[in-house]
Amino acid sequence: MTRTRHDRTFDRSVNAFLIAVLLITLIPLIYVLAVSITPLGRTPSLLPTAASLAAYAELLKQPALIRALGNSVFLTLSGVLISMILTVCTAYPLSRPDLPGRKFLTGVILFTFLFNAGLIPLYLVIRDLHLLNTYWALLLHGAVSVYNLLVMKNFFQNLPESLEEAAKIDGATDLQVLWHIVLPLSKPILLTIGLFYAVTQWNSFFEPVLYLSDARMMPLPVVLRDILTGLNSAEYVESAATTTAPPDALKMAAVVLTTIPMLLVYPWIQRYFTSGTLSGGVKG
Amino acid sequence: MTHPRTTARTLALVTLSALLGAHAQKATDLSVALYAANPEAPAPTAGWDTGEVIRARTGVNLKFTMLPTGADGDNKLGSLAAANDLPDLFEIRNRNLFYQLIRQGQVAPVSSLLAQMPQRTKARYGNAMRNGLVNENGQMYGLQEPATLSRQYGIMIRQDWLEKLNLKAPTTLDEFLNVARAFTERDPDGNGRKDTFGYCGVIDFDTAGILPGLGLGNHFQWVYGAYGVPGTWNYRAGAAFAANVRNPNYRKATEYVRRLVDAKVMDPDWATMKRSDLRNRWQQGKCGLFFESVGGLIAGFKNFEANNPKGDLRFVPVPKGPAGSRSMGTFANAGTLLVVSKKAMDAGKGPAIAKFLEWANSGEGYYQLAFGKKGADYTLVGGIPTVTTTNVNGRLTNTQLRFLALNGQAAELKGRYGTLKFGDGRSVNVYNLLMDTRRTNNWIDRSGDLVVPAAPNQADIDRYISESLVQFVLGQRPLNDDSWKAFTDGLNGLNFAGYEKNAYAALKAGGFVK
């Protein structure tokens, strides 16, 4: 197909627009990074003239932050594992047309998506199950997201039925079909939904505040907020007297430290992302 | 046959075990939820020094929960209350939530505890006016601590710039504007560039020890103070009680801020800047005059010194207005508010709570909570607690409950606010600065503000007044009779009169106005 001058102009405009959007998105991130490496006595700027890792060193010296980092990693890994097992085990049967009561079950699940009991009943349930001040409160509550479940169900529905039939003719059970046929073919959706769950757990803030009382169990966002609140406080005196980095550098370094794990994970699964969400998002 | 010595040992062990068992049985589990004094420090761990000392001295097995600040903490307390699961002893900062919990019967009257902690009651709960903040239907529902650190703010000036430009510290609003203009236009830092600002202030409603009132926040309260209208309410008007925003002097103060803006002596971004931005500015050496606390000075001192090795910061007394009025702003003599849940009181935990709080009031308990482990974290030098440890995190963890102990007395403040030393040997005594700003700034105690119920549309009222004033002072809206009338007329649409009426009723009932 011949590309006209009009097409090329349009492409260039789109590219210019996307580059502008990229810059708008990128500049705040670069600024955060730049402020985090600003040494004591220098003005924070987008392109710093001097750099210091004092803020990172200072933060990494704080046992609270390291412990919280460990808690968040644990919660994210175990949360993703639990959520994925439950989501797959619910989505797969619901994707099978021969499941009795399939529409009713889907409707019941969908109902919880549209209406929920609210904060206090949920708190009462967690309390009466004796999950308060345990990680189970964070891992089990919201372990299955209805949105993710429906996306995954739709993805499973779009897989060719003939593959499953062939496996069954060869004597495979339902579980074997799921494990050996469906899951290997569903890598994009598994990684995509896994990332959704991971980000949710990683960013979880209010639930830990509500359900946990032992401060040692708190994940990174809670501790990070405490540190930032402390830095903003007029009472921030004792620690500041010993700091070797400007308070703003400490804040931004904390933001960078929290973001790094997710930034590292994303490139590995980015190539599956589009196919995962697109295929799962198609109505079936 | 058993050897007599073995028998004696066995008997001794049994007796000891019985004693320890009896002691263990006496230990009372106490759940305490407070806003952490040092949120940036690690949380207490199982072998927490302070926790061990508390158990040994008071028989209280303390379970400490750090409440998150702001709405998250309120939501947490609200959820716990709804589940009848409130901690035994907890701190509350949102007074609307406090009154709500009283009405719901979730918190217990605390009068019965006072006799059980005589020293603490004498030191902290003897002020009838302050106790009025926690009384409801003749019952005392909270332990209202006095403020241990208030009025720590003031206007700081670059004394070295003042001397370089051969100027005197301003004492009136006109002199203030002149000095600010000189700091902006006469290159006080000598770098050949016009990159300094006369006055640095931001719109900031931080309430740490001060009550900013409606409008432009505490960085401009001194202007309203110079016109005799600091804070939200006019307490002295008697039956003609009204908000200060109704007073003609309020407009005059606003016009003065406009003059500062028009003279370009303020950072052009001041209306959108945050406190941290302002702190960056003065630490960089960009501000000749600015509003800051002694805590903020300590926090930013190293950075300031790195940028301004010869810099010299002082507090200036708050400037006078045309009629001689002067005030840096208003403050509340009310600190931590402690509440006991009804559940705890019904379970008979009152005596344990009283014993714990009494221990925290003075002597060993006070020092342990306020300053940490004696010998390891601090020593007493001439009666002043002096921090000695290099293990900052450990000490801050040990003092997470310090707001239960702090009393704001001279020795304590001298311990907390020591001396800052410049590289060239000069030093600044922060305690003296604190006393200076308290003494010279005519701070007005308006603790009564705390009993004023928030209007149902409080956020709308706050936003309307604040945004209108910003528009006036930035010149986005003309400041004349008509526009000012339009502004005050706009309050009618927000039922501002109803808010004033409720405020008057609450203040009158509490004895804060006649």
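Residues numbered from 1 in each chain as written. Chains lettered and ligands numbered in written order. Predicted model: local features only at pLDDT ≥ 70, side-chain atom pairs only at ≥ 80, totals over all residues. Heavy atoms only, no water.

(A) A look at the interface of chain B and chain A. Every contact between the two is made by 49 residues of chain B and, on the other side, 44 residues of chain A. For chain B, the biggest contributors to the area lost against chain A are E40, K76 and K302 of chain B; these three give 15% of the whole. Summed over the shared surface of chain B and chain A, the result is 1 salt bridge. Where R225 of chain A meets D72 of chain B, a salt bridge forms, and the shortest distance between an N and an O atom there is 3.3 Å. Inspection of the region where chain B meets chain A yields 6 residue pairs in polar contact (both at pLDDT 80 or more). Counting only elements with at least two residues in the side of chain B that touches chain A, the list comes to β2 (60-67), α3 (71-82), α12 (275-284), α13 (294-307) and α17 (392-398) of chain B. Sorting elements by how many residues they give to the side of chain B that touches chain A places α13 of chain B first, with 8 residues. Of the residues assigned to the side of chain B that touches chain A, the class counts are 22 nonpolar, 16 polar and 11 charged. (Contact = heavy atoms within 4.5 Å. Buried area = accessible area lost by both parts, 1.4 Å probe. Salt bridge = Lys/Arg side-chain N within 4 Å of Asp/Glu carboxyl O. Polar contact = N/O pair within 3.5 Å; in protein donor to acceptor, adjacent residues only side chain to side chain. Helix = DSSP H or I, 4+ residues; strand = E, 2+ residues; numbered from the N terminus. Nonpolar A, V, L, I, M, F, W, Y, C, P; charged D, E, K, R; others polar.)

(B) Main features of the side chain of T65 of chain B. Following the sequence through the fold, T65 of chain B ends up in strand β2. With a relative accessible area of 11%, T65 of chain B lands in the buried category. Ignoring any residue separated from it by four or fewer positions in sequence, one finds T65 of chain B in contact with S213 of chain A together with V32, A33, L34 and K76 of chain B. (Buried < 20%, exposed > 50% of the residue type's maximum accessible area, 1.4 Å probe, protein only.)

(C) Here's a closer look at a nonpolar patch on the surface. On the surface, a cluster of nonpolar side chains totalling about 920 Å² of accessible area is made up of I19, L22, L23, L26, I27, L29, I30, Y31, L46 and L47 of chain A. Judged by relative accessible area, which is 47%, L22 of chain A ranks as partly exposed. (Patch = residues over 30% accessible without salt bridge, like charges linked within 9 Å, V, L, I, M, F, W, Y side chains within 5 Å. Areas by Shrake-Rupley, 256 points an atom, 1.4 Å probe, with all protein chains shown as cover.)

(D) Seen up close, the sheet that holds β2 of chain B. Residues and elements named next belong to chain B. Pairing within the open sheet is mixed, and its 5 strands lie in the order β2-β1-β3-β12-β6. Both outer strands of the open sheet, β2 and β6 (143-144), are each paired with one neighbouring strand and no more. Sheet analysis places strand β3 (residues 89-91) next to strand β12 (residues 337-340), joined by 3 bridges and oriented antiparallel. Note that in β12 the partner of F90 across the bridge is V339. (Pairing = 2+ DSSP bridges.)

(E) Focus on unusual backbone geometry. Although it is not a glycine, N442 of chain B sits at a positive phi angle of roughly 50 degrees. Looking at the secondary structure, you find N442 of chain B in the loop between α19 (430-440) and β17 (444-445).

(F) Representation of the pattern of salt bridges within the structure. Scanning the entire structure with this criterion turns up 31 salt bridges over all chains. The partner of R216 of chain A in a salt bridge is D214 of chain A, with the nearest N and O atoms 2.8 Å apart. One salt bridge in this structure joins D49 of chain B and K373 of chain B, with 3.7 Å as the shortest N-O distance. With D49 of chain B in helix α2 (residues 49-58) and K373 of chain B in the loop between α16 (363-371) and β13 (378-381), this pair connects stretches of sequence that are 324 residues apart. Several salt bridges share partner residues, and in doing so they unite R96, E164, K168 and D174 of chain A into one network.

(G) Highlighting the sheet that holds strand β10 (residues 313-316) of chain B. All names here are of chain B. Spatial ordering of the open sheet is given by β8-β9-β7-β10, a layout of 4 strands whose pairing is mixed. Strands with a single pairing partner mark the edges of an open sheet, and in this sheet they are β8 (197-200) and β10. Neighbour to neighbour, the strand axes of the sheet diverge by 30 degrees on average, direction disregarded. Here 5 bridges tie strand β7 (residues 153-158) to strand β9 (residues 287-293), and the two strands are oriented antiparallel to one another. Each bridged residue has a counterpart across the sheet, and for G154 the counterpart in β9 is E292. (Axes fitted to C-alpha atoms, helices over the stretch in contact; angles between N-to-C directions.)

(H) Layout of the state of the cysteines. Residues and elements named next belong to chain B. Using the criterion set out here, one finds 1 disulfide over all chains in the structure. One disulfide bridge connects C200 with C287, the sulfur atoms lying 2.1 Å from each other. Across the disulfide from C200 to C287, rotation about the S-S bond amounts to roughly -90 degrees, and the bridge is consequently left-handed. Residue C200 is found in strand β8, and its partner C287 is found in strand β9; the two are separated by 87 residues along the sequence. Look at C200 and you get buried, because its relative accessible area is 1%. C287 sits in the buried class, given a relative accessible area of 1%. (Disulfide = S-S within 2.5 Å.)

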